[in-house]
Amino acid sequence: DAAGVLIVALRNAEKDYGVTGSSACIETARDTLIKIETVRRVLHDAAATTELPFVRQTCIGAETLLHSVATSMRATGVLDTHMLGDSIDDPELLAEMHLIVREVQWRMRNLARNIYLRAESQPSPDALAALSGIIEMMDG
């Protein structure tokens with residue numbers, strides 16, 4: 001019975017939250033993955049070049065988290081839609097893909113905000129200055 005309630009709720013989630021899928025989410029998923037990989041490279045370079053231990057540890061931790069996010073995104077199959085053909089017209093599938101992309105984007109913004117809060121609480125303003133560009137990349 002409990003599973004039945006959850007299944008019905010999930011089927012009706014589109015009506016409740018206004019989530020509609022479109023094939024644009026496929027391109028957005030690819031763009032999001034490119035953004036994740038770009039930020040990971042910037043984090044890697046920042047960790048290798050900074051003299052601030054806090055910034056180094058933050059960059060290493062954020063890079064590891066983003067690697068996990070990218071791996072999880074790939075595991076959903078949202079990036080492999082080319083195997084389904086040129087045109088995906090299943091609205092439920094597109095809505096689910098849209099939710100996956102939104103979740104990944106939210107995780108990046110949340111990570112950016114957490115980094116900002118941690119950097120802002122550091123005694124030296126150099127930490128926030130060193131991370132501000134990375135925070136903007138993830139949050140933008």
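Residues numbered from 1 in each chain as written. Predicted model: local features only at pLDDT ≥ 70, side-chain atom pairs only at ≥ 80, totals over all residues. Heavy atoms only, no water.

**Some words on the overall build of the protein chain**
Turning to step 1, where the next piece is worked out: Scanning the protein chain from N- to C-terminus turns up six helices and zero strands.
Turning to step 2, where the next piece is worked out: In the protein chain, which comprises 140 residues, the share counted as buried stands at 32%.
Turning to step 3, where the next piece is worked out: Long-range pairs, those at least 24 residues apart, make up 75% of the contacts in the protein chain with a sequence separation of at least 6.
Turning to step 4, where the next piece is worked out: Surface exposure of the protein chain reaches about 8900 Å², of which carbon and sulfur atoms provide 55%. (Helix = DSSP H or I, 4+ residues; strand = E, 2+ residues; numbered from the N terminus. Buried < 20%, exposed > 50% of the residue type's maximum accessible area, 1.4 Å probe, protein only. Contact = heavy atoms within 4.5 Å. Areas by Shrake-Rupley, 256 points an atom, 1.4 Å probe, with all protein chains shown as cover.)

**Description of the packing of helix 3 (residues 24-49) against helix 6 (residues 125-139)**
Turning to step 1, where the next piece is worked out: Closest axis-to-axis distance for the helix 3/helix 6 pair is 10 Å, and the angle between their directions is 170°. Considering their axes alone, helix 3 and helix 6 lie roughly antiparallel with respect to each other. Between helix 3 and helix 6, the contacting residues are Lys35, Thr38, Val39, Val42, Leu43 and Ala46 on the first element and Ile134, Met137 and Met138 on the second.
Turning to step 2, where the next piece is worked out: Class assignment for the residues of the contact of helix 3 with helix 6 results in seven nonpolar, one polar and one charged. (Axes fitted to C-alpha atoms, helices over the stretch in contact; angles between N-to-C directions. Parallel < 35°, antiparallel > 145°, perpendicular 65-115°, else oblique. Nonpolar A, V, L, I, M, F, W, Y, C, P; charged D, E, K, R; others polar.)

**Section: the nonpolar core**
Turning to step 1, where the next piece is worked out: Residues Cys59, Leu66, Val78, Leu131, Ile134 and Met138 are the most contacted members of the largest nonpolar core, which totals 34 residues.
Turning to step 2, where the next piece is worked out: Examining the composition of this core, we find that 10 residues originate from one element, helix 5 (residues 91-120), more than from any other.
Turning to step 3, where the next piece is worked out: Discounting residues that sit within four places of it in the chain, Met138 has contacts with Lys35, Val39, Leu66, Met108, Arg109, Leu111, Ala112 and Ile115. (Core = buried A, V, L, I, M, F, W, Y, C linked by side-chain atoms within 4.5 Å.)

**Thoughts on the packing of helix 3 against helix 5**
Turning to step 1, where the next piece is worked out: Contact geometry of helix 3 with helix 5 gives a least axis separation of 9 Å together with a crossing angle of 25°. Relative to helix 5, the element helix 3 is oriented roughly parallel. As helix 3 packs across helix 5, the resulting crossing turns out to be left-handed. Residues Cys25, Ile26, Thr28, Ala29, Thr32, Lys35, Ile36 and Val39 of helix 3 lie in contact with helix 5, whose contacting residues are Leu94, Met97, His98, Val101, Val104, Gln105 and Met108.
Turning to step 2, where the next piece is worked out: Among the residues forming the contact of helix 3 with helix 5, the class breakdown is 10 nonpolar, four polar and one charged. (Left-handed = near helix turned anticlockwise from the far one by under 90°.)

**Things to note about helix 3**
Turning to step 1, where the next piece is worked out: Taking 1.5 Å of rise per residue, the 26 residues of helix 3 would be expected to cover 38 Å, and the 38 Å separating its terminal C-alpha atoms lies within 8% of that figure.
Turning to step 2, where the next piece is worked out: For helix 3, the set of buried residues is Cys25, Ile26, Ala29, Thr32, Leu33, Ile36, Glu37, Val39, Arg40, Leu43, Ala46 and Ala47. (Expected span 1.5 Å × (residues − 1).)

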